[in-house]
Amino acid sequence: MPITIKTEKIHKKYAGQKTKVALDSIDLEIESGKLFGLVGSDGAGKTTLLRILSTVMPQTSGLASIAGFDTRKDAEKIRQIIGYMPQEFSQYGDLSLEENLAFFAEIQRVPKAKVKESIDRTLEFTHLTPFRDRAAGKLSGGMKKKLALGCALIHAPQVLILDEPSTGVDPVSRGEFWTILSGVVKDGVTVLVSTPYMDEAQRCNEVGMLHEGKLLRVGTPDEITNSLPFETIEVKAKPRKQMREVVGQTSGIQSWHPVGDRLRINTVDHNAQQVLDDLEKGFNQANLQISFLRTVDKTMEDAFVSMVSQEGQTE
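Residues numbered from 1 in each chain as written. Predicted model: local features only at pLDDT ≥ 70, side-chain atom pairs only at ≥ 80, totals over all residues. Heavy atoms only, no water.

Caption draft 1: Structural view of the pattern of salt bridges. Applying the stated criterion to the full structure yields 18 salt bridges. For Lys-6, the salt bridge goes to Glu-29, with nearest N and O atoms at 3.7 Å. Of this pair, Lys-6 sits in strand 1 (residues 3-12) while Glu-29 sits in strand 2 (residues 23-31), placing them 23 residues apart in sequence. For Glu-29, a relative accessible area of 43% corresponds to the partly exposed category. Between Glu-31 and Lys-34 there is a salt bridge, with the nearest N and O atoms lying 2.9 Å from each other. With relative accessibility at 29%, the residue Lys-34 sits in the partly exposed group. (Salt bridge = Lys/Arg side-chain N within 4 Å of Asp/Glu carboxyl O. Helix = DSSP H or I, 4+ residues; strand = E, 2+ residues; numbered from the N terminus. Buried < 20%, exposed > 50% of the residue type's maximum accessible area, 1.4 Å probe, protein only.)

This is the structure:
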């Protein structure tokens, strides 16, 4: 597959920062027609990288290109073939959905003869047709995100760049948004989306894990989780304090972290069964009430926590 998005040694340092950099030598290649997820916590550098690729800001050094066009030299050409959706809602609240789409169609130089067709297609694709006359300012959070996506798609771009598009909306709206996004990819559009949500990363064809400006790993979700050198156990028992004490005293555990009222435990050297037996024995001796104690599939969250921890130890 041809490469649509490419960066070579992208480095970004903001004025006034003496030592810390926003992006540190980022090398990235994204194939055409793929859904690529850029994953990382707040401050990781996701927005900075997307703004560089969208020609909103220049990098300090390194090269970046979209469909062969250099982000520095060919910014105008790139803007014609990409759709960019920033984090903040950038539509006009006093205009209707249809009026917002018509405005963005004009900005993106959609031929006048095709504007109505483009608006109708976009409203149907984003499931917003029944609300075409509603003022954008009266939309729910999830519907605003769909409208923003529609405005980014109105000119049928080759590449779609989305900066945390589902942040701040309810789980149902998040699911609907990602279903729509899957349809965009099926139409052959290359999509680069940033997200802090690990369950969303699991939906992507390929994922890049970004932390403090460094790209820790790139691969498919399965490649990343299958490469983790441990097995994972999930446990829930009461009292919680004693549960943690028993876990802390059990050998064969590499690391553990709380998830709600349960613990996720990573075992050393794939010895999950021995750790399960030792934990069960320890819980019983402490007279704990065990709700469940089992091995579970490794997730993107497990991978991210593990890689960030290793990065911290290296530093």
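Okay, back to it.
Caption draft 2: Examining the sheet that holds strand 14 (residues 289-296) more closely. Overall, antiparallel pairing links the four strands, which are arranged 12-13-11-14 in an open sheet. Both outer strands of the open sheet, strand 12 (253-259) and strand 14, are each paired with one neighbouring strand and no more. Taken over all neighbouring pairs, the strand axes of this sheet differ in orientation by 20 degrees on average, direction set aside. The pairing of strand 11 (residues 232-238) with strand 14 spans seven bridges and is antiparallel. (Pairing = 2+ DSSP bridges. Axes fitted to C-alpha atoms, helices over the stretch in contact; angles between N-to-C directions.)

Caption draft 3: Representation of the packing of aromatic side chains. All chains considered together, the criterion is met by two aromatic pairs. Aromatic pair Tyr-92 and Phe-103: ring centres 5.2 Å apart, planes at 85 degrees, arrangement edge-to-face. One end of the pair, Tyr-92, is in the loop between strand 6 (82-85) and helix 3 (97-107); the other, Phe-103, is in helix 3, and 11 residues separate them in sequence. Looking at Phe-103, the relative accessible area reads 31%, which means it is partly exposed. Between Phe-103 and Phe-104 the ring centres are 5.6 Å apart and the planes differ by 90 degrees, which places this aromatic pair in the edge-to-face class. Taken together, the ring pairs connect Tyr-92, Phe-103 and Phe-104 into an aromatic cluster. Here Arg-174 stacks its cationic end above the ring of Tyr-197, 4.0 Å away from the centre of that ring. Over the ring of Phe-292 we find Arg-294; its NZ or CZ atom is 4.0 Å from the centre of that ring. (Phe/Tyr/Trp six-rings, centres within 6.5 Å; stacked < 30°, edge-to-face > 60°. Lys NZ or Arg CZ within 6 Å of the ring centre and 35° of its normal.)

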